[in-house]
Amino acid sequence: MLSRLSSSNIRRKAQLSLRSFATVQKKDEGVIGEDGRHEIWRDQDIYDHDNEPKVKRRDGSYQPIAKLRGFINYERNPEPYRKPLERVLDWEELNPVQGAEMKHTAVEQKVQAARCMDCGTPFCQTETGCPVNNLIPEWNNLVFEGQWRDAIERLHKTNNFPEFTGRVCPAPCEGACVAGLIDSPVTIKNIEYAIVDKAWEEGLIVPRIPKERSGMTVAVVGSGPSGLAAADELNQMGHKVTVYEREDRIGGLLMYGIPNMKLEKETVDRRVNLLREEGIEFVTNANIGQNVDINELKANYDSLALCLGATKPRDLPIPGRDLKGVHFAMEFLTKNQKRLLMTKEGKLESQWEKENFITAAGKDVIVIGGGDTGTDCIGTSMRHRCKSVVNFELMPKPPQERAPDNPWPQWPRVYGIDYGHGEVQAVFGKDPREYSVMTKEFIGDDDGNLIALITQDVEIADKGPKAIEGSEREWKTDLCVLSMGFLSPEAYVTDELGLDVDQRNNIHAVYGDYRTSAEGVFAGGDCRRGQSLVVWAINEGRGLAEKCNDYLLQRREDESIASRSSGAFANLSSMSPRV
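These numbers come from a predicted model, not from an experiment.

Bringing the overall build of the protein into the picture now. Scanning the protein from terminus to terminus reveals 19 helices and 19 strands. Summarising the internal contacts of the protein: among those between residues at least 6 apart in sequence, 68% fall at separations of at least 24. Surface summary for the protein: the accessible area is close to 28600 Å², and the carbon and sulfur share equals 50%.

A few words now on the nonpolar core. Trp139 and Ile195 are the most contacted members of the largest nonpolar core, which totals 75 residues. Ranked by size, the runner-up nonpolar core spans 18 residues in total, among them Val221, Tyr244, Ile288 and Ile507.

Let's shift gears to the layout of surface pockets. Volume-wise, the second largest pocket comes out at about 400 Å³. Considering the residues around the second largest pocket, the lining is formed by 15 residues, among which Glu93, Val97, Arg167, Asp197 and Thr267 are closest to the centre. Counting residues per element, the ones that place at least two in the lining of the second largest pocket are α9 (188-201) and α12 (265-277). Element by element, the count of residues in the lining of the second largest pocket is highest for α12, at 3 residues. Residue composition of the lining of the second largest pocket, grouped by class: 2 nonpolar, 3 polar and 10 charged.

This next bit is on a nonpolar patch on the surface. Together, Leu394, Met395, Met438 and Ile460 make up a nonpolar patch on the protein surface, roughly 330 Å² of accessible area in all. With respect to the element layout, methionine 438 can be found in strand β13 (residues 437-444). Assessed through its relative accessible area of 31%, methionine 438 is described here as partly exposed.

Relative to strand β14 (residues 450-461), β13 runs antiparallel, the two being bridged by 7 bridges. Paired with glutamate 441 across the strands is isoleucine 454, a residue of β14. In this antiparallel pair of consecutive strands, β13 and β14, the connection spans 5 residues, and glycine 448 shows a positive phi of 80°. In textbook terms, the turn of a hairpin is the stretch between consecutive antiparallel strands, and for β14 and strand β15 (residues 464-467) this stretch comprises 2 residues.

Taken in spatial order, the 5 strands line up as β9-β17-β10-β11-β12 in an open sheet, and their pairing is parallel. Edge positions in the sheet fall to β9 (326-328) and β12 (433-435), since each has one partner strand and no second. Each adjacent strand pair in this sheet contributes to an overall mean axis angle of 25°, direction not counted. The sheet strands contacting helix α15 (residues 371-383) are β10 (364-368), β11 (388-393) and β17 (479-482), and the helix crosses β10 at an angle near 170°.

What follows is about a negative patch on the surface. Among the surface-exposed residues, Asp293, Glu296, Asp495 and Glu496 lie close enough to one another that they form a single negatively charged patch. Position of aspartate 293 among the secondary structure elements: in the loop between β6 (281-283) and α13 (294-300).

What follows deals with the packing of aromatic side chains. A full pass over the atoms with the stated rule returns 7 aromatic pairs. Geometrically, the ring pair formed by tyrosine 244 and tyrosine 301 is edge-to-face, given 6.2 Å between the ring centres and 85° between the ring planes. Of this pair, tyrosine 244 sits in strand β5 (residues 240-244) while tyrosine 301 sits in the loop between α13 and β7 (303-306), placing them 57 residues apart in sequence. Assigned by exposure class, tyrosine 244 and tyrosine 301 land together as buried. With a centroid separation of 5.0 Å and an interplanar angle of 70°, the aromatic rings of phenylalanine 392 and tryptophan 475 are classed as edge-to-face. On the criterion of sequence distance, the pair formed by phenylalanine 392 in strand β11 and tryptophan 475 in strand β16 (residues 473-476) is long-range, its members being 83 residues apart. Accessibility classification places phenylalanine 392 together with tryptophan 475 in one group, the buried group. Members of the aromatic cluster, joined through ring pairs, are Tyr511, Tyr514 and Trp536. Between arginine 167 and the ring centre of tyrosine 193, over which it is positioned, the NZ or CZ distance is 5.7 Å. A cation over an aromatic ring shows up here: arginine 529 above the ring of tryptophan 536, its NZ or CZ 4.0 Å from the ring centre.

This part covers helix α14 (residues 329-344). Along its 16 residues, α14 runs 23 Å from first to last C-alpha, staying within 8% of the 22 Å computed at 1.5 Å per residue. Taken together, the buried positions of α14 are Ala329, Phe332, Leu333, Thr334, Asn336, Gln337, Arg339, Leu340 and Leu341. Buried residues belonging to α14 abut α11 (253-257), α12, β9, α15 and β17.

Residue position: serine 61 is located in the loop between β2 (54-56) and β3 (62-63). Within polar-contact distance, the side chain of serine 61 engages the side chain of aspartate 59 at 2.7 Å.

Looking now at unusual backbone geometry. Cis peptide bonds are those with omega within 30 degrees of zero, and the linkage from tryptophan 408 to proline 409 qualifies with 5°. Here proline 409 is to be found in the loop between β11 and α16 (419-428). Phi is positive for asparagine 505, which is not a glycine, with a value near 70°. A positive phi angle is found at tyrosine 514, which is not glycine, with a value near 70°. Structurally, the position occupied by tyrosine 514 is in the loop between α17 (491-497) and β19 (521-523).

A separate point is the confidence of the model for the protein. For the protein, per-residue confidence averages 89 on the pLDDT scale, and residues scoring 70 or more make up 89% of the total. In the predicted structure, residues 1-28 sits below a pLDDT of 50 and forms 17 contacts with residues beyond four places in sequence or in another chain. Scored below 50 in pLDDT, residues 572-579 makes 0 contacts in the model with residues more than four places away or belonging to other chains.

Read from one edge to the other, the open sheet built from 3 strands follows the order β1-β2-β3, with strand pairing classed as antiparallel. At either margin of the open sheet sits one strand with a lone partner, and together these are β1 (40-41) and β3.

This brings us to the pairing of β17. Where a strand is regular, its side chains alternate between the two sheet faces. Both faces of β17 are covered, namely the face carrying Leu479 and Val481 and the face carrying Cys480 and Leu482. Alignment of β9 against β17, held across 3 bridges, turns out to be parallel. Opposite valine 326, over in β17, you have cysteine 480 as the bridge partner. Pairing geometry for β10 and β17, over 4 bridges, is parallel. For isoleucine 366, the partnering residue across the bridge sits in β17 and is cysteine 480.

All right, on to the pattern of salt bridges then. Side-chain pairs of opposite charge can arise where the charged atoms are in close proximity. Counted by the stated rule, this structure contains 30 salt bridges. Here arginine 167 and aspartate 197 are joined by a salt bridge, their closest N and O atoms 3.0 Å apart. On the criterion of sequence distance, the pair formed by arginine 167 in helix α7 (residues 162-168) and aspartate 197 in helix α9 is long-range, its members being 30 residues apart. Between arginine 529 and glutamate 540 there is a salt bridge, and its shortest N-O distance comes to 3.5 Å. Here the residue arginine 529 occupies a position in helix α18 (residues 526-529), and glutamate 540 occupies one in helix α19 (residues 534-574), the gap between them amounting to 11 residues. Residue class for arginine 529 comes out partly exposed when judged on its relative accessible area of 25%. The class of glutamate 540 is buried, set by a relative accessible area of 0%. Each of Arg58, Arg115 and Asp183 takes part in one network of salt bridges that share partners.

Each value, and the rule that gives it
Residues numbered from 1 in each chain as written. Predicted model: local features only at pLDDT ≥ 70, side-chain atom pairs only at ≥ 80, totals over all residues. Heavy atoms only, no water. Helix = DSSP H or I, 4+ residues; strand = E, 2+ residues; numbered from the N terminus. Contact = heavy atoms within 4.5 Å. Areas by Shrake-Rupley, 256 points an atom, 1.4 Å probe, with all protein chains shown as cover. Core = buried A, V, L, I, M, F, W, Y, C linked by side-chain atoms within 4.5 Å. Buried < 20%, exposed > 50% of the residue type's maximum accessible area, 1.4 Å probe, protein only. 1 Å grid on protein atoms, 1.4 Å probe; cavity = no way out; pocket = protein on both sides within 12 Å on 5 of 7 lines; lining within 4 Å. Points joined across faces, edges and corners; volume = space filled by probe spheres on them. Nonpolar A, V, L, I, M, F, W, Y, C, P; charged D, E, K, R; others polar. Patch = residues over 30% accessible without salt bridge, like charges linked within 9 Å, V, L, I, M, F, W, Y side chains within 5 Å. Salt bridge = Lys/Arg side-chain N within 4 Å of Asp/Glu carboxyl O. Pairing = 2+ DSSP bridges. Axes fitted to C-alpha atoms, helices over the stretch in contact; angles between N-to-C directions. Lys, Arg positive; Asp, Glu negative; His and termini not counted. Charge placed at Lys NZ, Arg CZ, Asp CG, Glu CD. Phe/Tyr/Trp six-rings, centres within 6.5 Å; stacked < 30°, edge-to-face > 60°. Lys NZ or Arg CZ within 6 Å of the ring centre and 35° of its normal. Expected span 1.5 Å × (residues − 1). Polar contact = N/O pair within 3.5 Å; in protein donor to acceptor, adjacent residues only side chain to side chain. pLDDT = per-residue confidence, 0-100.

This is the structure we're talking about:
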């Protein structure tokens, strides 16, 4: 019988035996290969209907990709950022571009989508997970099935701008993932931007021109995520929408508040251009309440939507605050981004307004405050080639695992390394964060330049952080960036309109209703709820649009009734007998 077997068949059977033996031997070595993806095996002599490779499972076997028990069979494998020592040399996005070695393949994307466990109650799309209630299990399954067109349609049903949230959102949906109760959560964020990136690449996202117009007009003040979401929704409802932005470019926080390595500005422009094609009008350099009269604006439109953001930063009123070299985070980030955009437009470095640019090049940088903005300041300083960077955080170092008072499905308040921290570790060899530290005083030289600061260690008491006597330390620094959050919107718009504000000076409007104390004026986003996530801003913009639409339709109906009534009385008077 052996004589009847061809030599190729003998070799193939031997290879299968060796592969099987190797699989058993490597059972405990994990399923992720050296290329950062699940190991695959494609039998060259056996062709399935789609010739899809077999993927290594946790039990060591190689099997076709299956969704049933996928969260048990496969490991969580998020798509990695570009290598730190590579990305600190440029301003390109952290995420690997299409075709890059680190980019997940179609097979790995399907494997990760297979881990979505089709749970009975998907907490990922509830308020503890996704604020816009993304239909996450549905589009995860569509990715698994390879139905990318349907996936982007599902994604757009709840999220106007998945290319933004897929890049900058901290993914509370993953913190609420049911699979995360006993294992690692699904890579929801990766799958989200894979869907939208593929949709743009394949031309699946095209202008949607409203078929009918209502004849009603809306002015949206602010072009951040909440303003753009409100404008998009109102435009699709048939209203004529004009967006006013005080900066020279549309995007608000998306354009100037989030640095280029987290969100490429061409990505923002691409979406804005699509909205423009759909009929939305944009007006830049229009600072409402300053060079544009707010009352005139209110009189010229049927409704006014305020999406101003929370742009008033929290200050640090300690001795030496007015020294040269102490700046707010948004001032630092905005001026840097404007410089980058000038460079892309071909403006020579010698023509930059250097007095309006804050550089960290060759400096000892201290960033006061953590969070996303603090990390962005660290990453920006690294790309400026700073001499050193330290990050002060007032609170203690978070635990490695959830604390008892931080149960699932809440956002896990645990220790993590964000992109900026990883870059500092790669270049300087240590985590830049110093915990339980409070800044006491800035020190300057005779010319008013910052040269150092004094800190005190703190402990958490019943009434909050308490300074520890005798724990003072001096830190050398010539650039200090204040990243301690934002308080409220700037008051000149609310004062001009006479709007009611809450105890935090945010515009008073009930969540879910969004009406302010002024007739026809609505408010949403950070200017109403306070500093929050981009995804919450989109949630509020969508909700504001729904209530504004109800108001506009009712106003149109009332005006129509009034017009018919006045016309009827006019006809009656014309039929009166002449005297």
